[in-house]
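Close look at the chain arrangement
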Amino acid sequence: MNESFDVTDLVAAAANGDEAAWESLVTRFTPLVASVAHGFRLHGTDVDDVAQTVWLRLLEHLGGLREPRALPMWIITTTRNECLRQVRASRRTRPYDPLAEHPAGDGPSAATTADPDEHLIRVARHQALLAGLAELPDHQRELLLLLIEDPPVSYAEISRRLRIKVGSIGPTRARALERLRACPDISAMQSTGSR
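Residues numbered from 1 in each chain as written. Predicted model: local features only at pLDDT ≥ 70, side-chain atom pairs only at ≥ 80, totals over all residues. Heavy atoms only, no water.

This next bit is on the packing of helix 2 (residues 19–39) against helix 3 (residues 45–61). It is at 10 Å that the axes of helix 2 and helix 3 come closest, and there the two elements cross at 135°. For the element pair helix 2 / helix 3, the angle class is oblique. Between helix 2 and helix 3 the crossing geometry is right-handed. Of the residues in helix 3, those in contact with Trp22, Leu25, Val26, Phe29, Thr30, Val33, Ala34, Ala37 and His38 of helix 2 are Val47, Ala51, Val54, Trp55, Leu58 and Leu59. Class assignment of the residues belonging to the contact of helix 2 with helix 3 gives a composition of 13 nonpolar, 2 polar and no charged. (Axes fitted to C-alpha atoms, helices over the stretch in contact; angles between N-to-C directions. Helix = DSSP H or I, 4+ residues; strand = E, 2+ residues; numbered from the N terminus. Parallel < 35°, antiparallel > 145°, perpendicular 65-115°, else oblique. Left-handed = near helix turned anticlockwise from the far one by under 90°. Contact = heavy atoms within 4.5 Å. Nonpolar A, V, L, I, M, F, W, Y, C, P; charged D, E, K, R; others polar.)

Laid out in structure tokens, this is it:
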């Protein structure tokens, strides 16, 4: 499958039974699903269960998506719904010790004692960034991810890994950032003043 396919092309191809397009969608958007699930403090098999259900729902609704470019938001919304279902299910099965000062999982934590609005804004920014990155062509996404690695990766190493000239890293980065800023999810965050 051509790596430069955009989301609309991938959705159309996957809806027509193209397995490579389906695999590309799953590969591209799995980090987005995981990010949303981690925002609900889900880990391990809970994240796997949520992801499996999200991909099943997408497979069921793939042909009926009215706006394929909105797929990242569809995935975020579906993942949130599945995470909420998972959290509710885990609360029903959580052991309760009436003699404990804080029942299991109900004690104060860093996330509940910090400003909840700030946490929600941070999660929304992160999800918007992941959705935007998922819409970039693979070579631009890989470049941006290499540029933010910690410890920093040298331009020579980036050139070697991506098989591009050192002199083209800056211009490619500029085009990638411009394209990222134009993504609907990023634009929406910028227009609401949540920068």
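Still more to cover.
Below, the discussion takes up the nonpolar core. Judged by nonpolar contacts, the single largest core of 31 residues is most densely connected at Leu25, Phe29, Trp55, Leu62, Leu71 and Ile75. Looking at this core, the elements that each hand over two or more residues are helix 1 (7–15), helix 2, helix 3, helix 4 (71–93) and helix 6 (116–135). Excluding residues within four positions of it along the chain, Leu71 makes contact with Val7, Val11, Leu25, Phe29, Leu58 and Leu65. Counting residues in hydrophobic clusters, the runner-up holds 9 residues, among them Leu144, Ala176, Leu180 and Ile186. (Core = buried A, V, L, I, M, F, W, Y, C linked by side-chain atoms within 4.5 Å. Buried < 20%, exposed > 50% of the residue type's maximum accessible area, 1.4 Å probe, protein only.)

Quick look at the confidence of the model for the protein chain now. The predicted structure's coordinates, where accompanied by low pLDDT, should not be read in detail. When pLDDT is averaged along the protein chain, the result is 82, and 81% of the positions lie at 70 or above. Taken element by element, the predicted model of the protein chain shows its lowest mean pLDDT in helix 5 (residues 110–113) (44) and its highest in helix 3 (94). The low-confidence segment residues 105–113, where pLDDT is below 50, has 8 contacts with residues more than four positions distant or belonging to other chains. (pLDDT = per-residue confidence, 0-100.)

So, on to the packing of aromatic side chains. For the structure shown, the criterion picks out 1 aromatic pair. A centroid spacing of 6.4 Å and a plane angle of 85° characterise the contact between Trp22 and Trp55, whose relative ring orientation is edge-to-face. Of this pair, Trp22 sits in helix 2 while Trp55 sits in helix 3, and the two are 33 residues apart along the sequence. Taken individually, Trp22 and Trp55 each receive the classification buried, so the pair is uniform in this respect. (Phe/Tyr/Trp six-rings, centres within 6.5 Å; stacked < 30°, edge-to-face > 60°.)

Once that is clear, we can look at the side chain of Thr53. Within the secondary structure layout, Thr53 lies in helix 3. Overall, Thr53 belongs to the buried group, its relative accessible area being 15%. One polar contact links the side chain of Thr53 to the main-chain carbonyl oxygen of Asp49, over a distance of 3.0 Å. Among all residues touching Thr53, those that are not within four sequence positions of it are Glu82 and Arg85. (Polar contact = N/O pair within 3.5 Å; in protein donor to acceptor, adjacent residues only side chain to side chain.)

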